[in-house]
Structures are given as C-alpha cells and as structure tokens.
Amino acid sequence: MNTLFSERDCVFYTGTSTGSSSPLNGGSFSSGACFQSSPLTASDNYPKQTAFGLLAATRGPNDRGMLRPAPSPIYTLRGAGGPLNTLHFSCKGGNTPLLFSGSGKGAIHVWNLNTRRAEKTVEGHSGHSVVWVGTLRETDALISQGRDMQVCLWDLSEGRSEVTDSVWTGSVGFCQCSVLETSSSARLLAFAGHQTEEIKIIELPGKTPVCTLVPDAKLGMVMCIKLWQPDSGHGPLLLAGYEDGSLLLWDVTQRSALSRVKAHPEPVMCLTFDLRCLRGVSGSSEKQLSAWMLDGQNNLQLQDNVALVNPGVSQLCVRADGKLLASAGWDHRVRIFGWKKLRPLAVLQYHTDMVLSVAFSDHQDPGHRLLAAGSKDHRISLWSIYNEGADTG
C-alpha cells in the first residue's frame, strides 16, 4: 500500500506548503527561560483535555470541501534559547510531571508542567548542541548527549545540577544514543563511534566495552539507532539506520548482522520501533515514511510506504498505548497517524520553522497525556489529542 497523505484532504490542514532545508543547518540563539501561553488558546489547569479539541474540528457529513478551524496547542513553552533538538517526558508516579528539553545552544531545561515554567536550567556540554536527553528508569537520573562528543549522567536530586559521570563518544554527528537498562544497577549504552560506520556499545556504570559493530558493506554514516531486549530471551538487538538508506538489525551478543533492507533512497534520518508488535517506521529527507517489521526469524521485512506532500522528517514517536504515531516535519508541521494502519489523522500547524522533535508523555492518567513538539523556532508546543478511546485506526 502506498498512501498519499494529502493535506488538502486532511481536516486539520491550514496555510500553504513551505520550502524545506536540512535540520543540520545551524541557527541563531538567545538565552533565558520562561513560559508564555499560546496567543490562541491556553488551559487553566494542567491539561485535563480530551480528544474533543481535535474531534470537534473534523469535517461533518455535509461539509465536504469545507475546513473548520485547525486546533491550537493547549499551551506553549518559550525561552529555550535555541532550536529544540530533543524532548523527553517524565510523568510517572506521584512526582511532578516534567518535560526535559535539549537545545542547539547547549542548555537543558527541566519544565514543570504544573506551573508551565522551567524550574531548572543546566549547562553541561560547553555550549555545544544537545542532541538527546533521557532519564534512567530505575534511578530517575538524567542522561544527555551533546555534540561536544560527551554523554553525561546528571544528579538533579535535592536541587543539585551535577554531572556525576561522562562518556566520550568521539562522534560529532547527530545520531542519538540509545540506552537499555538491563537491571536496577546496570545498563547498556549504544552510540555512534569515531569511525564513520561504527556503533559502540558499553556497559555502565563501569564503562566496560561490550562490542563494536561495523557492517561489511559500505553503508555510510550511522544516522539513528535503537537498542532493546526482545521478549524471546534472545540477547539484546539493535536497529540502525545508515546514510545510504539501509536499515540493519544487529545481534549484540553475537556481534553479527542478522538482516538488512533498503528502506529509503536517501539517508535514514530517524526511526521508531514498537517492541510489542515488532514493527517500526523510518523517515528521511524524501517525501515518504517507510514501515517495516521483524518476522519470527528476525528478518526485516518492508511493508507500507506513506507518501507525504512535503519532504523531510526529523523524528518519529509511537505513543505508549500503540495507537498513535507522530512525525516532526521539516515543513513546520506535526503529522498524526493511526499506528495500526498508518491512517493519517491530523496535521498540526503552529510552528514557524522546522519541527525537530516530538514526544508523547507517559502520564498514568490517559486524560493527561500530551504530545510535545520542539522546533527550530525555539518554541515547544503541547497538544492534547485522542486521549479517551477515539477511533485512531
């Protein structure tokens, strides 16, 4: 199936198409951190919004060709001081719901989603672009990766802002690292190495080398990776996207390549993988998403392509419940798909520059789950969409 995602037929499309450019280009930065409500809409409480905000904008049975007003973010976070390369929610348990962001200027902001303000700003990458942030599930410690070739582990507890450990990667690229927590005290860290095609995996906290993965064929630079532990009891596996458009599945224990497919004619810019159904999707600089899956023998198999009107995808994210897929577009838009059938559901247009990152919140209450989008325009938009049993397909 090759589905054309035409915004002219999408009920949430507004405006005209824009030109695209690579997200690898730089931008100008400013400093400071504050919250500012969207000029179009704002929520009085930490969002208890439901799917109504989007569903109310759908086209009725008798208004074919007529578009109702597109939805707006429920609120906007401003003051990151640079392009928003990466976003990560931490909303589990009884703690204050937080959103971590990493900017092109090197700052990491910790946004309190109750007050909608940055409660902490930390600098740990010498002003170099932060390309990835995450938290360790067992310890709630923050981990960040910068273009200073460092992965840093942070202690932010009790008001601290301390780097407790760091790993030198040797890579100045934009490939985000991947972490697999193997126990409460041990984890694997995978990252692009100093050599063009190599992926290094080490065990933390001891920084013990596990393996270096280098393909036999010339595939170009490593662009994106995903490390995970399959339910079958098999050793850790790693998916990698390369500059030539290939996807490669690695067996970490055996240090061997299990399967390879050519998913794109251009470099694989991003990928996401759903462990429950062993299905993933990848994006590149061209006008399509490529869906693929793993069979019972760990062979990658290409499935559907979803054609887009405008080229370029920066990031992809599947919501934890397996219902929605979000894509960050170079054309300033966020696209929402039903994950099961890759059915286009919405085009969210708010940002004035390319969208670089998307993330779904992990809040235990479905009614409080959000989508966040970070842009080169220095703003983070937050949306409440399809949260209570909407038919996403």
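Residues numbered from 1 in each chain as written. Predicted model: local features only at pLDDT ≥ 70, side-chain atom pairs only at ≥ 80, totals over all residues. Heavy atoms only, no water.

Enquirer: Summarise the overall build of the protein chain; cite the residues concerned and give the values.
Expert: Broken down by element type, the protein chain carries 1 helix and 30 strands. Put simply, the protein chain has 393 residues, and 56% of those count as buried. In the protein chain, once contacts between residues fewer than 6 apart in sequence are set aside, the share between residues at least 24 apart is 51%. (Helix = DSSP H or I, 4+ residues; strand = E, 2+ residues; numbered from the N terminus. Buried < 20%, exposed > 50% of the residue type's maximum accessible area, 1.4 Å probe, protein only. Contact = heavy atoms within 4.5 Å.)

Enquirer: Kindly report on the pairing of strand E12 (residues 178-181), identifying the contributing residues and their values.
Expert: The two faces of the sheet receive side chains in turn, since in a regular strand these alternate between them. Pairing of E12 with strand E13 (residues 187-192), which is carried by 4 bridges, proceeds in the antiparallel orientation. The partner of Ser 178 across the bridge, within E13, is Ala 190. What sits between the antiparallel neighbours E12 and E13 is a turn of 5 residues. (Pairing = 2+ DSSP bridges.)

Enquirer: So what about the sheet that holds strand E9 (residues 142-146)? Which residues, and what values?
Expert: Sheets are built from strands that pair by backbone hydrogen bonding, the pairs being arranged parallel or antiparallel. A sheet is described by the order of its strands in space; here 4 strands give the open sequence E8-E9-E10-E11, paired in antiparallel fashion. Only two strands of the sheet have a single neighbouring strand rather than two, namely strand E8 (130-135) and strand E11 (162-168). Each adjacent strand pair in this sheet contributes to an overall mean axis angle of 20°, direction not counted. Looking at chain direction, strand E10 (residues 150-155) and E11 are connected through 6 bridges and run antiparallel. Within E11, the residue paired with Val 151 across the bridge is Val 167. (Axes fitted to C-alpha atoms, helices over the stretch in contact; angles between N-to-C directions.)

Enquirer: Pulling in residues and values, what's your account of the pattern of salt bridges?
Expert: Evaluated as defined, the whole model comprises 10 salt bridges. Taking the shortest distance from any N to any O, the salt bridge between Arg 319 and Asp 321 comes out at 2.9 Å. Assessed through its relative accessible area of 5%, Arg 319 is described here as buried. Exposure remark for Asp 321: the relative accessible area of 29% places this residue in the partly exposed category. Taken together, the shared-partner salt bridges connect Asp 155, Glu 158 and Arg 160 into one network. (Salt bridge = Lys/Arg side-chain N within 4 Å of Asp/Glu carboxyl O.)

Enquirer: Residues and numbers for the sheet that holds E13, please.
Expert: What the 4 strands build is an open sheet, ordered E12-E13-E14-E15; its pairing is antiparallel. The open sheet has two free edges, formed respectively by E12 and strand E15 (208-213), since each of these has just one partner strand. Within the sheet, the average angular offset between the axes of one strand and its neighbour, ignoring direction, is 20°. Of the strand pairs in this sheet, strand E14 (residues 199-204) and E15 are connected by 5 bridges, and their pairing is antiparallel. Across the sheet, Ile 201 pairs through a bridge with Cys 211, a residue of E15.

Enquirer: Describe the environment of Arg 333, with residues and values.
Expert: Relative to the helices and strands, Arg 333 is located in strand E26 (residues 333-338). With relative accessibility at 1%, the residue Arg 333 sits in the buried group. At 3.2 Å, the side chain of Arg 333 and the backbone oxygen of Asp 331 are in polar contact. A distance of 3.2 Å separates a polar atom in the side chain of Arg 333 from a polar atom in the side chain of Gln 349. (Polar contact = N/O pair within 3.5 Å; in protein donor to acceptor, adjacent residues only side chain to side chain.)

Enquirer: Just give me the short version of the confidence of the model for the protein chain, but keep the residues and values in it.
Expert: Residues of the protein chain with pLDDT of at least 70 account for 80%, and the chain-wide mean is 83. Within the model, pLDDT remains below 50 along residues 1-68, and this stretch shows 172 contacts once partners closer than five positions in the same chain are excluded. (pLDDT = per-residue confidence, 0-100.)

Enquirer: Summarise the environment of Gly 104; cite the residues concerned and give the values.
Expert: With respect to the element layout, Gly 104 can be found in the loop between strand E5 (98-103) and strand E6 (107-112). Residue classification places Gly 104 among the buried residues on the basis of a relative accessible area of 13%. With 42 residues separating them in the primary sequence, Gly 104 and Gly 146 have C-alpha atoms 9.2 Å apart.

Enquirer: Kindly report on the packing of aromatic side chains, identifying the contributing residues and their values.
Expert: All chains considered together, the criterion is met by 2 aromatic pairs. On the basis of an interplanar angle of 45° and a centroid distance of 4.6 Å, the ring pair of Trp 228 and Phe 273 is categorised as tilted. Here Trp 228 is found in strand E16 (residues 222-228), whereas its partner Phe 273 is found in strand E20 (residues 268-274), with 45 residues between them in sequence. Across this residue pair, the class does not change: Trp 228 and Phe 273 are buried. Their ring planes at 10° and their centres at 6.1 Å tell us that Phe 273 and Trp 292 sit as a pair that is stacked. Of the two residues, Phe 273 sits in strand E20 while Trp 292 sits in strand E22 (residues 288-294), which places them 19 residues apart along the sequence. (Phe/Tyr/Trp six-rings, centres within 6.5 Å; stacked < 30°, edge-to-face > 60°.)

Enquirer: Before we move on, can you summarise unusual backbone geometry with the specific residues and values?
Expert: Comment: phi is negative for the bulk of residues other than glycine, and the bulk of peptide bonds are trans. Of note, the bond from Leu 204 into Pro 205 is cis; its omega dihedral lies within 30 degrees of zero at 10°. Structurally, Pro 205 is set in the loop between E14 and E15. With a phi angle near 60°, Asn 298 is a residue other than glycine that sits in the positive phi range. Within the element layout of this structure, Asn 298 appears in the loop between E22 and strand E23 (300-308).

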